[in-house]
Amino acid sequence: METSRIALPIGTTLDRFIKNNQDQFQYTSGELSQLLRDIALASKVVNREINKAGLIDIMGSAGSQNTGGEQQQKLDVLANIRFTRALTKGGEACALISEETESYVDLNNNGKYVIAIDPLDGSSNIDVNVSIGTIFSIYRRKSQIGLPITDQDILQRGEEQVAAGYILYGSSTMLVYTTGHGVNGFTYEPSLGEYFLSHPDMIIPAEGKTYSINEGLANSFSEDVKNYLQHCKDSHYTARYIGSLVADFHRNLLKGGIYIYPATAKDAHGKLRLMYECNALAFIAEQAGGKGTDGKERILSIKPKSLHQRTPFYVGSSKMVEQAMK
Ligand code: AHG
Ligand code: MN
Ligand code: MN
């Protein structure tokens, strides 16, 4: 991280923070900053929809299925529309990869950035008023600007992300992001409609006491994973599993802990999606001093073969992820 920069104080608005840090980017023409602002704006709209979910008829299933064969929720569809619109308008993005669309959405050939997004993460928790999230990754396109995009623009390794983040719609709404210069968290003040810096330079404790895994699936875990779970119990760790990846990840980022979604007998690659769930969170974890792996390999080194590829996921405090690898 650069040392000459004046650290902005807690309470700085997101806009000012983005502007102040714009020269950290390799390409300083402002497009990436604009994308971050667009994402923040869309998140405010989604936040508003989520907050009135119980009041109007937008809860429950949309009656359709997404690419993974899962039921789409109305808010899934709505969030996808909001983020797509916000990211399309400015023309900075050439393609959008979303959990909710089968193939990528081709945007502006002159756009320099590719975005991967899980518009609404944890959708099974919508109807029961439990925290949900949005996850995003931003890549620089590889092919020549002005030409149609190619597979090399779309299927980039996580280590090529230029920015990534998430929004947690929780007891308060937060936006946490990195551009590869540390991790910063902003809390939303709804009456002012602004995000304010509340968690500067976030660092994940090297060790924690929390493990987060859907232990109901334990019969279908490998012996190695079962052994690690035994280790967690022998170490008197606490189990915490919300079932919203963003919320589970965020708690562990603040308090220290490990999140695991391993391979199961049913899904040899686990459940979570590399391109719009794991890559962003692995990038943030590493930037905060933590680790993210698939059980063998660093998540950010995996070369994606397809948009909706799944991967086992171990992420969180560095020592805990290392221990789990053993
Ligand atoms: P999504 O709502 O985007 O499909 O993601 C759900 C994911 C993730 O948020 C969560 O950690 C995991 O599914 C929970 O899966 P299980 O119910 O199998 O534990
Ligand atoms: Mn998700
Ligand atoms: Mn989702």
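Residues numbered from 1 in each chain as written. Chains lettered and ligands numbered in written order. Predicted model: local features only at pLDDT ≥ 70, side-chain atom pairs only at ≥ 80, totals over all residues. Heavy atoms only, no water.

On to the domain arrangement of the protein, then. For the protein, the assigned domains are domain 1 (14-199) and domain 2 (210-325). When each unit is reduced to the centre of its C-alpha atoms, the spacing between domain 1 and domain 2 is 22 Å. Every contact between the two is made by 48 residues of domain 1 and, on the other side, 33 residues of domain 2. Of the roughly 3,000 Å² buried between domain 1 and domain 2, counting both surfaces, carbon and sulfur atoms make up 62%. Ranking the residues of domain 1 by area buried against domain 2 places I135, L155 and Y166 at the top, with a combined share of 21%. The interface formed by domain 1 and domain 2 contains two salt bridges. Residue E159 is joined to R298 by a salt bridge in which the shortest nitrogen-to-oxygen separation is 3.0 Å. Counting the contacts that link domain 1 with domain 2 gives 19 residue pairs in polar contact (both at pLDDT 80 or more). (Domains from an automatic or database assignment. Contact = heavy atoms within 4.5 Å. Buried area = accessible area lost by both parts, 1.4 Å probe. Salt bridge = Lys/Arg side-chain N within 4 Å of Asp/Glu carboxyl O. Polar contact = N/O pair within 3.5 Å; in protein donor to acceptor, adjacent residues only side chain to side chain.)

With that settled, the discussion passes to the pattern of salt bridges. Enumeration over the complete set of coordinates arrives at 15 salt bridges. E49 is paired through a salt bridge with K52; the nearest N and O atoms lie 3.9 Å apart. Judged by relative accessible area, K52 falls into the partly exposed class, the value being 29%. In this structure, the salt-bridge partner of R251 is D248, at a minimum N-O distance of 3.1 Å. Of this pair, R251 and D248 both sit in helix α6 (residues 245-255), separated by three residues, roughly a single helical turn. For the pair R251 and D248, one class covers both residues: buried. Linked by salt bridges that have partners in common, R48, E49, K52 and R82 make up one network. (Buried < 20%, exposed > 50% of the residue type's maximum accessible area, 1.4 Å probe, protein only. Helix = DSSP H or I, 4+ residues; strand = E, 2+ residues; numbered from the N terminus.)

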